[in-house]
Amino acid sequence: MTLNVGVIGTGMIGQDHIRRLTQVLSGVAVTAVNDIDRTRAESAAPEGAEVFDTPQALIRSDTVDAVLICSWGPAHEEQLLDCIAAGKPVFCEKPMVTSEAAALKVMEAEASFGRRLVQVGFMRRFDGDYRRLKAVIDGGGLGLPLMYHSVHRNASVPPGLYTSEMPLNDTLVHDADISRWLLSDEITGVEVRLPRRSRQGVELRDPHIVLLHMAQGAIVDVEISVNIAYGYDIRGEVSCEKGVASLPNRPATVISDQFGIRQAIPEDWRERFIDAYDQEFREWIDAASNGTATGPSAWDGYAATLTADAALRAVDSGSLEKIHMIEKPALYAAEAPLAAE
Ligand code: NAD
Ligand code: ISE
């Protein structure tokens, strides 16, 4: 069986995912595309795919079994709700939505539908390095995790399109999600510190140091730098009671020559997480072909949204901003529980 996918948003990641679905993975075809920029949709459309004028028409089309949302964050809420109303599995790029109210609406709609349809694009959970790191922590040999140091550096972000809130409500959401997943815990509070402003991204507040307070007492520090020029550098180190487990730097090959000893740095997320995105979509295609979703859920999207909201408040208050989650809806309770529950 072939899963026919409609893609909404054919910008950077939309195009990369279309390449992945049409050239790398099997059991899937891209039959429909839409973008508010019709010319962009037309040039990104693979052969045979129909270009739709609106996301709603694409979602309702009989030629579409499942939907991939790669539009901008503020557009996700309406598109997700339309997919759920149509009963179609939907992969939504992060951030799932940009407000707590929207996250609650998405979870309520999915619960009323009666089964999971939504997967959120937290691709780090599918990365081999992160999976190995989690296996070490879960194995318990190093004792309890006490601190997690998460470094999230982007060479640059698109000027104009990427605003001062986005390091916290678009970029930090990855670190929030991976911290919850790695440490099997929920985030209960957020602090933000603003170091000297970088002159690289002059119109942006950058960088940020964020502290995530976990329910069981671990603390995560996150460096978010979005205009650091030298490359896309993602690091992670978990300090436990009896030892430390770290992600390897990628790519891992070490070059020694007349200039010294060095490792190449990925240019951006497409290169660093190429295998993770492939695996993320393999698992999505399997679940969506069965009319459902697995992997990061609307509950995980909700948790990340609350973290982003708290971080934005913490910039203004300069204090620890608490997070209050609703009780986990039954629909998500069947998933591997976090240790705090
Ligand atoms: P982009 O600006 O390159 O592309 C977004 C596209 O969506 C544009 O072509 C725009 O015209 C279109 N669009 C915007 N609103 C729309 C709407 N209402 N209906 C239809 N089309 C609409 O941005 P991008 O970098 O491709 O990011 C897209 C989304 O993917 C964002 O939510 C971003 O946070 C996420 N993203 C995730 C990762 C990841 O690592 N998981 C990486 C990059 C981007
Ligand atoms: C981008 O949207 C992503 O999701 C990348 O993974 C992240 O590193 C980057 O900061 C975001 O802008």
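Up top is the structure these notes are about.
Below is a summary of the structure that appears in this document. (Residues numbered from 1 in each chain as written. Chains lettered and ligands numbered in written order. Predicted model: local features only at pLDDT ≥ 70, side-chain atom pairs only at ≥ 80, totals over all residues. Heavy atoms only, no water.)

Side note on the environment of Gly-11
Mapped onto the secondary structure, Gly-11 falls in the loop between β1 (3-8) and α1 (12-24). Distance from Gly-11 to Ala-29, taken between C-alpha atoms, is 19 Å for residues 18 residues apart in sequence. Other than its neighbours up to four places away in sequence, Gly-11 contacts Asp-35 and Arg-40. (Helix = DSSP H or I, 4+ residues; strand = E, 2+ residues; numbered from the N terminus. Contact = heavy atoms within 4.5 Å.)

With respect to the sheet that holds strand β10 (residues 219-225)
With respect to topology, seven strands assemble into an open sheet ordered β12-β11-β7-β10-β9-β8-β15, the strand pairing being mixed. The sheet terminates laterally at β12 (244-246) and β15 (321-322), the two strands that pair on one side only. Across the sheet, helix α7 (residues 166-183) is in contact with β7 (145-153), β8 (187-193), β9 (208-214), β10 and β11 (233-240); its angle to β9 comes to roughly 35°. Against the sheet, helix α10 (residues 298-317) contacts β8, β9 and β15, and its axis sits at roughly 40° relative to β8. (Pairing = 2+ DSSP bridges. Axes fitted to C-alpha atoms, helices over the stretch in contact; angles between N-to-C directions.)

Quick look at the site of ligand 1
Around ligand 1 sit 26 residues in total, of which Asp-35, Arg-40, Trp-72, Lys-94 and Tyr-277 are the nearest. Between Ile-36 and ligand 1, the recorded distance is 3.2 Å, taken from a backbone N or O atom to a nitrogen atom. Gly-121 is positioned with one of its backbone polar atoms (N or O) 3.4 Å from a nitrogen atom of ligand 1. A total of 840 Å² of accessible area belongs to ligand 1 in isolation, and the protein chains cover 89% of it. Listed by contribution, the elements that provide at least two residues to the shell around ligand 1 are α1, α4 (76-85) and α7. Grouping the amino acids of the shell around ligand 1 by side-chain chemistry returns twelve nonpolar, nine polar and five charged. (Near = heavy atom within 4 Å. Polar contact = N/O pair within 3.5 Å; in protein donor to acceptor, adjacent residues only side chain to side chain. Areas by Shrake-Rupley, 256 points an atom, 1.4 Å probe, with all protein chains shown as cover. Nonpolar A, V, L, I, M, F, W, Y, C, P; charged D, E, K, R; others polar.)

Structural notes on the site of ligand 2
In the vicinity of ligand 2, the contacting residues are Lys-94, Met-123, His-152, Asn-154, Tyr-162, Asp-170, Thr-171, His-174, Tyr-232 and Trp-269. Separating an oxygen atom of ligand 2 from a side-chain N or O atom of Asp-170 is a distance of 3.3 Å. Side-chain polar atom of His-174 to an oxygen atom of ligand 2: 2.8 Å apart, as the coordinates give it. The biggest single contributor to the shell around ligand 2 is α7, with three residues. Classifying every residue of the shell around ligand 2 gives four nonpolar, four polar and two charged.

Observations regarding the packing of aromatic side chains
Taken as a whole, this structure holds five aromatic pairs when the rule is applied. Relative to Phe-273, the ring of Tyr-232 has its centre 6.3 Å away and its plane inclined at 80°; by these criteria the two rings are edge-to-face. With Tyr-232 in the loop between β10 and β11 and Phe-273 in the loop between α8 (269-272) and α9 (274-289), the pair connects residues that are 41 residues apart, well separated along the chain. A residue is classified by how much of its surface remains accessible, and Tyr-232, at 3% relative accessible area, is buried. With a centroid separation of 5.9 Å and 85° between ring planes, the pair formed by Phe-281 and Trp-284 is classed as edge-to-face. Placement of the pair is Phe-281 and Trp-284 together in helix α9, with a separation of three residues, close to one helical turn. (Phe/Tyr/Trp six-rings, centres within 6.5 Å; stacked < 30°, edge-to-face > 60°. Buried < 20%, exposed > 50% of the residue type's maximum accessible area, 1.4 Å probe, protein only.)

So, the pairing of strand β4 (residues 66-69)
Neither face of β4 is left uncovered, since the one carrying Ala-66 and Leu-68 and the one carrying Val-67 and Ile-69 both have all their residues buried. Taken together, the four bridges between β1 and β4 define a ladder with parallel strand orientation. The partner of Val-7 across the bridge, within β4, is Leu-68. Handedness of the crossover joining β4 and strand β5 (residues 90-92) through α4 is recorded here as right-handed. (Right-handed = clockwise from strand over helix to strand, strands pointing away.)

Focus on α9
Along its 16 residues, α9 runs 23 Å from first to last C-alpha, staying within 8% of the 22 Å computed at 1.5 Å per residue. Looking only at α9, the buried set comprises Ala-276, Tyr-277, Asp-278, Glu-280, Phe-281, Trp-284, Ile-285, Ala-287 and Ala-288. Just downstream of α9, Gly-291 is the residue with a positive phi angle, here 75°. (Expected span 1.5 Å × (residues − 1).)

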